[in-house]
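Structural features, examined
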Amino acid sequence: MSQNSASLNQSSSEVRHDWTIDQVNELFALPFNDLLFKAQCVHRQHFDPNQVQVSTLLSIKTGACPEDCKYCPQSARYDTGLEKERLLEIEKVIQRAREAKQTGSTRFCMGAAWRNPRDRDMPYVIDMVKEVKKLGLETCMTLGMLTRDQALALQQAGLDYYNHNLDTSPEFYGDIITTRTYQDRLDTLSNVREAGMNVCSGGIVGMGETASDRSGLLMQLANLEQQPESVPINMLVKVKGTPMEKVDDLDHFEFIRTIAVARIMMPKSHVRLSAGREAMNEQMQSMCFLAGANSIFYGCKLLTTSNPDTHEDVLLFKKLGINSEKTREYSDEAHEAALLEEIEDKQNDNLFYEASSQNSSSQNVSNDKVSNEKVTATVEG
């Protein structure tokens, strides 16, 4: 048995921070059934396999970001038809948080298209955190890079999680983003951790990266001094006008493999099935849950991209026996409210804008065509 193979047979309950690229590549190379079996065994050691953490994501400030992330329509550098928005009023944010709680979310995430928050913005976002906390929800924000003082101020306001994705491997990173460095991202994660907040950090796959780049991303996350509590795995969903609109699609089995390897390498983290879920059928999503994904976003919008409607997720959860108690408690009133909210958003959306400049009639095309004109849910670049 090789040294690498022996290392893969260590106790699956062990949290490691010494992964090598060869070891991660060896996990990816396992036969598919063996990989999923191994991932499911690890998952069951640390989590209830039939429980999925549910969050809702709200864009509190949309567009005009100065970064050049090639996947993101919120960049001011690309013409994607996305309309700019100012920072949302606190009252609107709180109303959305109430609706999220009513439909079963336990965490409310707020994202702003900033390179980093300015000093004048901090009092508003701090007030948002405090008010959402009063509703009994966990709080998460993604605002771009943070200084130590900003991270501490958010922690003192009660922020539970801060999201800042590494996006991809260090080797591929420069092909995707040039306006901030990989070290900038690591520094923000360090500031968040030192402030005492939970870290939410993952990446995007399907951007034209190599298999080794996917391994490199997971290795970076797993080898952090403390692994992220939440690891969102985003499938790139392409939008016209961004440099990545014509990137070849990632094979779905490769995406499921990425979920499984993330679960094995970060056994105690919540692995979030994030952007791109609208293009996944129920069977693929179910395989992702089997591979160890145990967190999703509810709601018809993820910042500027579409997401499966809340009631569709509830129906899938019922089929799979996921969140059985909470799913049964999902009231008819909440279901009706969610549907009405989705209709209202489509008719007169004052909080979000479609990432595509297509007119409303284009929404009748097939899901496959729609998926090619959406964008990844990752807001910060």
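In this text, all values refer to a predicted model and were calculated from it rather than measured experimentally. (Residues numbered from 1 in each chain as written. Predicted model: local features only at pLDDT ≥ 70, side-chain atom pairs only at ≥ 80, totals over all residues. Heavy atoms only, no water.)

**Focus: the overall build of the protein chain**
When helices and strands are tallied, the protein chain shows 15 helices and eleven strands. In the protein chain, once contacts between residues fewer than 6 apart in sequence are set aside, the share between residues at least 24 apart is 76%. (Helix = DSSP H or I, 4+ residues; strand = E, 2+ residues; numbered from the N terminus. Contact = heavy atoms within 4.5 Å.)

**Let's talk about helix 5 (residues 122–134)**
Taking 1.5 Å per residue as the helical rise, helix 5 with its 13 residues ought to reach 18 Å, and the 19 Å between its terminal C-alpha atoms agrees with that figure. Listed as buried for helix 5 are Met122, Val125, Ile126, Met128, Val129 and Val132. Each buried residue of helix 5 lies within a common arc of 155 degrees when the element is viewed along its axis, so the set occupies one face. Looking at the packing, one finds that the buried side of helix 5 touches strand 1 (53–61), helix 4 (90–102), strand 2 (107–112), strand 3 (138–142) and helix 6 (148–157). At the exit of helix 5 stands Gly136, carrying a positive phi of roughly 85 degrees. (Expected span 1.5 Å × (residues − 1). Buried < 20%, exposed > 50% of the residue type's maximum accessible area, 1.4 Å probe, protein only. Arc of directions from axis to C-beta.)

**Some thoughts on helix 10 (residues 252–265)**
Across its 14 residues, helix 10 extends 20 Å between first and last C-alpha, which sits within 8% of the 20 Å expected from 1.5 Å per residue. Summarising burial for helix 10: twelve of the 14 residues are buried, a large majority. Within helix 10, the full set of buried residues consists of Glu254, Phe255, Ile256, Arg257, Thr258, Ile259, Ala260, Val261, Ala262, Arg263, Ile264 and Met265. Sitting at the amino-terminal end of helix 10 is Asp251, which places a side-chain oxygen 2.9 Å from the backbone nitrogen of Phe253. (Polar contact = N/O pair within 3.5 Å; in protein donor to acceptor, adjacent residues only side chain to side chain.)

**Examining the packing of aromatic side chains**
Counted by the stated rule, this structure contains three aromatic pairs. Between Tyr173 and Tyr182, the aromatic rings sit 5.2 Å apart at their centres with planes inclined by 85 degrees, giving edge-to-face as the arrangement. Grouping residues by exposure puts Tyr173 and Tyr182 together as buried. Here the basic side chain of Arg16 rests over the ring of Trp19, its NZ or CZ set 4.0 Å away from the ring centre. The lysine or arginine in question, Arg107, covers the ring of Tyr161, its NZ or CZ lying 3.7 Å from the ring centre. (Phe/Tyr/Trp six-rings, centres within 6.5 Å; stacked < 30°, edge-to-face > 60°. Lys NZ or Arg CZ within 6 Å of the ring centre and 35° of its normal.)

**Focus on the side chain of Gln40**
As for its position among the elements, Gln40 is in helix 3 (residues 32–46). Its relative accessible area of 11% is what places Gln40 among the buried residues.

**A few points about the nonpolar core**
Ranked by size, the top nonpolar core spans 87 residues in total, and within it Ile60, Met141, Leu154 and Phe255 carry the most contacts. Looking at this core, the element that brings in the most residues is helix 10, giving eight residues. Not counting chain neighbours up to four residues away, the residues in contact with Met141 comprise Ile60, Met110, Val125, Met128, Val129, Leu154, Leu159, Tyr161, Tyr162 and Asn163. In this structure, Leu57, Cys109, Cys140 and Tyr161 belong to the second largest nonpolar core, which totals five residues. (Core = buried A, V, L, I, M, F, W, Y, C linked by side-chain atoms within 4.5 Å.)

**A word on the pairing of strand 7 (residues 230–235)**
Summarising burial for strand 7: six of the six residues are buried, a large majority. Residues Ser230, Pro232 and Asn234 of strand 7 are buried on one face, and the alternating residues Val231, Ile233 and Met235, pointing to the opposite face, are buried as well. Sheet analysis places strand 6 (residues 203–205) next to strand 7, joined by three bridges and oriented parallel. Within strand 7, the position partnered with Val205 by the bridge is Met235. (Pairing = 2+ DSSP bridges.)

**Details of the packing of helix 2 (residues 21–28) against helix 10**
It is the contact of helix 2 with helix 10, at a shortest axis distance of 9 Å, that shows an interaxial angle of 125 degrees. Relative to helix 10, the element helix 2 is oriented oblique. In this structure, the crossing between helix 2 and helix 10 has a hand that is right-handed. Contacts between helix 2 and helix 10 pair Val24, Leu27 and Phe28 from the former with Glu254, Arg257, Thr258, Val261, Ile264 and Met265 from the latter. The residue makeup of the contact of helix 2 with helix 10, split by class, is six nonpolar, one polar and two charged. (Axes fitted to C-alpha atoms, helices over the stretch in contact; angles between N-to-C directions. Parallel < 35°, antiparallel > 145°, perpendicular 65-115°, else oblique. Left-handed = near helix turned anticlockwise from the far one by under 90°. Nonpolar A, V, L, I, M, F, W, Y, C, P; charged D, E, K, R; others polar.)

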